[in-house]
Structures are given as C-alpha cells and as structure tokens.
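Listed below are the residues making up each chain.
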Protein chains: 4
Amino acid sequence: MPLSTQVHEFRVALHDVDAGGVMFFAHLFRHAHDAYESFMADIGQPLDRLIREGPTLLPLVHAEADYRTPLRHGQDVSVRMSVAALGNSSFTLDYRFVDGEGRTCARARTVHAHLDGDRAASAPLPAALAAALEDRRSRP
Amino acid sequence: MPLSTQVHEFRVALHDVDAGGVMFFAHLFRHAHDAYESFMADIGQPLDRLIREGPTLLPLVHAEADYRTPLRHGQDVSVRMSVAALGNSSFTLDYRFVDGEGRTCARARTVHAHLDGDRAASAPLPAALAAALEDRRSRP
Amino acid sequence: MPLSTQVHEFRVALHDVDAGGVMFFAHLFRHAHDAYESFMADIGQPLDRLIREGPTLLPLVHAEADYRTPLRHGQDVSVRMSVAALGNSSFTLDYRFVDGEGRTCARARTVHAHLDGDRAASAPLPAALAAALEDRRSRP
Amino acid sequence: MPLSTQVHEFRVALHDVDAGGVMFFAHLFRHAHDAYESFMADIGQPLDRLIREGPTLLPLVHAEADYRTPLRHGQDVSVRMSVAALGNSSFTLDYRFVDGEGRTCARARTVHAHLDGDRAASAPLPAALAAALEDRRSRP
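Here goes a summary of the coordinates provided. Note that this is a predicted model, so its numbers are computed, not measured.

### A few points about the relation of the copies chain C and chain B
Right, on to step 1. When chain C is fitted to chain B, the best match, at an RMSD of 0.0 Å, comes from turning it 180° and sliding it 0.0 Å along the axis. Classification of the inter-copy transformation places it as that of a two-fold axis. Identified as the residue of chain C closest to the rotation axis by C-alpha distance is F10 of chain C, at 5.5 Å.

### Topic: the environment of R107 of chain D
Residues and elements named next belong to chain D.
Right, on to step 1. By the secondary structure assignment, R107 is in strand β5 (residues 104-113).
Right, on to step 2. Judged by its relative accessible area of 38%, R107 is partly exposed.
Right, on to step 3. With twelve residues separating them along the chain, R107 and Y95 place their C-alpha atoms 5.6 Å apart.

### Structural notes on the pattern of salt bridges
Right, on to step 1. Applying the stated criterion to the full structure yields 36 salt bridges over all chains.
Right, on to step 2. Note that R103 of chain B and D99 of chain B form a salt bridge whose closest N and O atoms lie 2.8 Å from each other.
Right, on to step 3. Classification of R103 of chain B as partly exposed rests on a relative accessible area of 46%.
Right, on to step 4. Residues joined by salt bridges that share partners form a network here, namely D99, E101 and R103 of chain A.

### Quick word on the relation of the copies chain B and chain A
Right, on to step 1. Screw-axis analysis of chain B against chain A gives a translation of 0.0 Å along the axis, an RMSD of 0.0 Å, and a rotation angle of 180°.
Right, on to step 2. Interface overlap between copies is the fraction of interface residues in one copy that are interface residues in the other; for chain B against chain A it reaches 100%, indicating a shared surface.

### Some points on the sheet that holds strand β2 (residues 60-67) of chain B
Right, on to step 1. Read across the sheet, ten strands follow the order β1(A)-β3(A)-β4(A)-β5(A)-β2(A)-β2(B)-β5(B)-β4(B)-β3(B)-β1(B) without closing on themselves; strand pairing throughout is antiparallel. Only two strands of the sheet have a single partner each, and these edge strands are β1 (6-11) of chain A together with β1 (6-11) of chain B. Neighbour-to-neighbour, the strand axes of this sheet turn through a mean angle of 20°, independent of strand direction.
Right, on to step 2. Sheet topology places strand β4 (residues 90-98) of chain B next to strand β5 (residues 104-113) of chain B; nine bridges connect them, and they run antiparallel. Its bridge partner lying in β5 of chain B, R96 of chain B is registered against R107 of chain B.
Right, on to step 3. Strand contacts of helix α3 (residues 127-137) of chain B: β1, β3 (76-86) and β4 of chain B, with the helix running at about 115° to β3 of chain B, the strand carrying the most contacts.

### What about α3 of chain B?
All names here are of chain B.
Right, on to step 1. Along α3, the residues classified as buried are L129, A132, L133 and R136. Relative to the axis of α3, the buried residues are bounded by an arc of 95° and lie together on one face.
Right, on to step 2. Summarising the contacts, the buried residues of α3 are in contact with β1, α1 (25-42), β3 and β4.

So, how was this worked out
- Residues numbered from 1 in each chain as written.
- Chains lettered and ligands numbered in written order.
- Predicted model: local features only at pLDDT ≥ 70, side-chain atom pairs only at ≥ 80, totals over all residues.
- Heavy atoms only, no water.
- Least-squares fit on C-alpha atoms with pLDDT ≥ 70 in both.
- Helix = DSSP H or I, 4+ residues; strand = E, 2+ residues; numbered from the N terminus.
- Buried < 20%, exposed > 50% of the residue type's maximum accessible area, 1.4 Å probe, protein only.
- Salt bridge = Lys/Arg side-chain N within 4 Å of Asp/Glu carboxyl O.
- Contact = heavy atoms within 4.5 Å.
- Pairing = 2+ DSSP bridges.
- Axes fitted to C-alpha atoms, helices over the stretch in contact; angles between N-to-C directions.
- Arc of directions from axis to C-beta.

Okay, here's the thing in structure tokens:
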C-alpha cells in the first residue's frame with residue numbers, strides 16, 4: 001500500500017470557486033500539479049531545472065479525479081501525495097485532498113511518462129529520478 | 001456506440017501552454033467544460049440558467065483525460081462530444097480533441113450526478129434534461 | 001482618435017465567474033490577451049510564430065483595466081480593440097468589452113515593448129510589425 | 001508614504017508561465033488577489049465570510065500592473081502589500097512583487113469600491129472594515 005509521502009497545503013481562493021460557490025473541477029488538477037512540483041523539488045528533481053536543462057521530457061499521459069465533497073471558498077485543504085506505481089519508463093502519483101476534519105474531499109491521480117528527446121518513444125526514467133521515486137514509494 | 005453530437009472549436013492560446021510549449025494538462029479540462037457549456041446551451045439546458053434558477057445541482061463527480069499528442073500554441077482544435085452513458089441520476093460525456101489533420105490528440109470524460117437541493121443524495125435527472133440527453137445519445 | 005479595428009467575441013464561462021457570480025477581474029485580462037492574439041494573427045504577425053522564430057521579444061510592460069458593469073455567466077461579450085499609441089519601440093492597445101446592448105462594461109489597456117535578444121534594452125519594432133500596426137491605427 | 005503591511009509568498013508554478021518561460025501577465029493579478037485575500041483574513045475581514053454573509057459588495061473597479069523583470073518558473077516571490085488610499089466608499093491597495101535578492105520585479109494596484117445591496121450606488125465602507133484598513137494604513 002503506497003504511503004503518504006508529501007503534504008502540500010493551500011486555501012481555496014476566490015478564483016478557485018465558480019458561481020456555484022464550490023471549486024471548479026479543473027482547478028483541482030492545478031492544485032494537484034502544485035503538490036507535484038513541491039514533491040519533485042523535495043526529492044531533488046525540481047521541474048523548473050528539468051525543463052531548463054532538457055531534454056528530460058515527462059509529459060502527463062493520464063489524469064483523473066473523483067470529487068466527493070465540494071471544496072468551498074476559504075477552506076484549508078491539505079494534499080497528501082504518494083507514489084502509486086513506478087515502472088521502467090513511467091510513474092503514477094496519487095493525491096488525496098483532505099479538509100480540516102481529516103475527511104477526504106477529492107482524489108486525483110496523474111501518470112507521467114518519460115520520453116526520449118524526440119518525443120517519439122518512451123525511454124527509461126533517468127536513474128536519479130527512479131531512485132528518488134523508489135525511495136519515496138517505500139518510505140514508512 | 002455513442003456518436004459525436006457536438007463540436008466546439010478553439011485555438012490554443014498563449015496562456016494555455018506552459019514553459020514546455022505545450023498545453024498545460026489541466027487546461028484541457030477547462031476546454032472540455034467550455035464544450036460542455038456549448039452542448040448544454042444547444043440542447044436547451046444552459047448552465048447559467050440552471051445555476052440561476054436552482055436548485056438543480058449537477059456536480060461533476062469524476063473527470064479523466066488521456067493525452068496522446070501535445071497541443072501546441074496557435075493550433076486549431078475541435079472538440080467532438082458525445083453522451084457516453086445516461087443513467088437515472090447521472091450522465092457521462094466523452095470529449096475527443098481533434099487537430100487539423102483529424103488526429104485525436106487527447107480524450108476526456110466527465111461524469112455528472114444530479115443531487116437534491118441538500119446535496120445529500122442523488123436524485124433523478126429532471127425530465128427535460130434526461131429527454132434532451134437521450135435525444136443526443138441516439139442521434140445518428 | 002483610435003478606431004476599433006478588431007472584434008473578438010466570447011461567452012462568459014462558468015470558470016470565468018467567482019462565488020459572487022460575476023467575472024473574476026483577472027480573467028478580463030485573459031480575454032483581452034485572446035483578443036490580442038486574434039489581432040496579431042489578423043495583421044499577419046501571429047504570436048506563436050513570433051515566439052517560435054525568436055528572438056522577437058514583446059513583453060507586456062503595463063496592463064490596466066476599469067470595471068463598470070459586472071460581466072455575468074452566459075453573457076455574450078465582444079471585445080473591440082484599437083491601436084492607441086505606436087512608438088519606436090513600443091505600442092499600446094485598447095480594449096472595450098461591450099455587451100449585447102452595446103454598453104461598455106469594461107475597458108482594458110496593454111503596453112507592449114520590444115526588447116533586443118538579451119532582454120537588456122528596448123529595440124525598434126521590427127519594420128513589418130510597425131507597418132502592420134500603423135495600418136490598423138489609421139484605418140477608417 | 002504607505003508602508004508594507006502584509007507579506008504573501010509564493011513560488012512561480014509551471015502553470016504560471018507561458019511558452020516564453022516567464023509568468024503570463026494576467027496571473028500576476030491572480031497572485032495579487034491571493035495576497036489581498038490573505039490581507040483581508042489577517043485584518044479580520046475574510047472575503048469568504050463577507051461574500052457568504054452579504055450584502056457587502058466590494059467589487060474591483062480598477063486594476064493595473066507594471067512589469068519590470070520577468071518572473072520565472074521556480075522563482076520564490078514575496079508580495080508586499082500596503083493600503084495606498086482609503087476613502088469614504090473605496091480603498092486602494094498596492095502590491096510589490098519582490099524576488100529573492102530584494103528587487104522589485106513588478107508592481108500592481110487594485111481599487112475596491114463599496115456598493116449598496118443593489119449595486120446601484122457607492123456606499124460608505126462598513127465601519128469595521130474602514131477601521132481595520134485605517135489601522136493598517138498608519139502602522140509603522
């Protein structure tokens with residue numbers, strides 16, 4: 001069972017919510033990506049450096065989310081991340097959006113593939129990245 | 001097999017793409033929702049009216065996307081929508097993002113549930129909405 | 001007096017409005033930029049090509065907006081653009097957001113400077129761009 | 001001279017930057033608004049409560065920004081806010097975006113008016129809000 005290895009916190013902003021007063025669904029993915037960026041920086045693989053240095057290409061190939069309880073303006077949310085799967089050329093991250101009472105309001109999942117420089121084919125994950133992800137996957 | 005019943009077109013804007021030069025994944029869901037709003041208006045159930053009149057609550061309970069080919073700044077994209085499933089209290093919409101050569105660059109899916117006014121339980125879809133969705137589902 | 005030389009149309013989407021039910025102010029700038037992109041494509045200077053070809057750098061150095069009447073979900077809006085000023089190394093664009101009754105609901109202005117390849121100093125606008133802007137400025 | 005009374009910090013995210021690798025100008029306003037929400041919560045006037053309780057209407061009537069130095073992906077930025085002006089029925093906030101070396105990369109300003117419940121006319125600021133703003137304006 002993957003364990004929660006990273007916590008990212010945010011407060012639901014006015015621009016996050018729509019006319020219904022609850023978070024617009026697509027913004028959940030923006031917050032998941034912010035958590036992902038925090039996670040990558042924390043494991044020593046900050047995205048800005050990866051993009052700047054190239055040609056490591058880690059496109060998202062799949063994303064999904066389940067919405068249980070609406071997230072409301074002003075609410076404090078913590079995102080608990082885990083490495084759900086780690087393959088030769090891809091990895092899967094899970095995100096749990098938890099409110100102040102510890103309830104899971106939403107879940108998300110993203111799948112990231114590693115491509116070679118031509119974007120033509122998948123390529124093995126760089127060794128340092130694979131090791132960092134593996135380390136997080138098994139952390140108690 | 002559900003048929004494409006609605007086409008929504010857009011051009012990939014500068015604010016859609018990130019430092020990698022391709023569309024940021026979460027923005028695909030924003031465009032899917034624009035297609036959904038066009039679709040709802042087209043079947044006589046515009047979201048702004050539903051929200052204003054209340055208490056019809058149609059929250060998204062699930063969303064997912066698969067990304068095949070990066071969408072690039074300035075590219076013309078058409079979104080072809082279909083009603084993938086229609087239940088008593090929910091419906092599922094599929095979206096295909098097609099480039100100028102007819103290639104499917106991405107797919108998305110959203111699941112919408114109908115809640116009663118208290119958001120406490122699912123409720124049968126309003127009859128007019130169910131009929132409009134059914135009409136689109138079977139259109140050749 | 002600068003004349004309206006470009007019209008860009010959009011419908012206020014659910015993700016444009018906030019919990020107050022009116023367009024979140026920052027999104028007005030996103031729509032202004034969409035109008036700007038349409039304008040640049042129309043005068044033969046599409047932004048995606050300029051960015052791809054480099055090193056033409058046209059950063060926004062100033063932006064402002066005045067909000068008169070709230071823009072609401074589902075409302076059809078047309079953006080009427082004009083070239084307000086054209087200098088040696090910069091230009092200013094004005095945007096008027098007009099509702100279905102012809103009322104101006106908001107105004108925006110953006111100032112764009114041309115930098116040399118090092119981003120270190122302003123540089124004369126490329127001749128083709130200056131000519132295209134001049135042409136639009138004087139169009140009756 | 002208005003003094004900096006509030007500091008809001010953020011890291012430039014991948015979704016903040018465009019194909020040019022620098023922050024898309026409209027997103028600066030989103031971050032300014034996040035700083036504004038922090039500020040309002042800090043002075044005991046959280047926006048979510050104001051909106052929920054109604055009918056206090058504080059629409060933005062003007063926004064502007066000057067961009068000096070591009071903000072780049074991964075950069076840590078602090079927003080220093082101050083109350084620039086306080087009138088009977090409106091107030092003006094200034095924002096300075098400062099990088100890790102203490103340089104001001106951008107400035108923004110927002111003007112907020114207080115409307116009566118019909119949005120028909122300006123109305124005096126609620127006493128508690130006016131006092132809280134005044135307190136911040138004069139703080140050394």
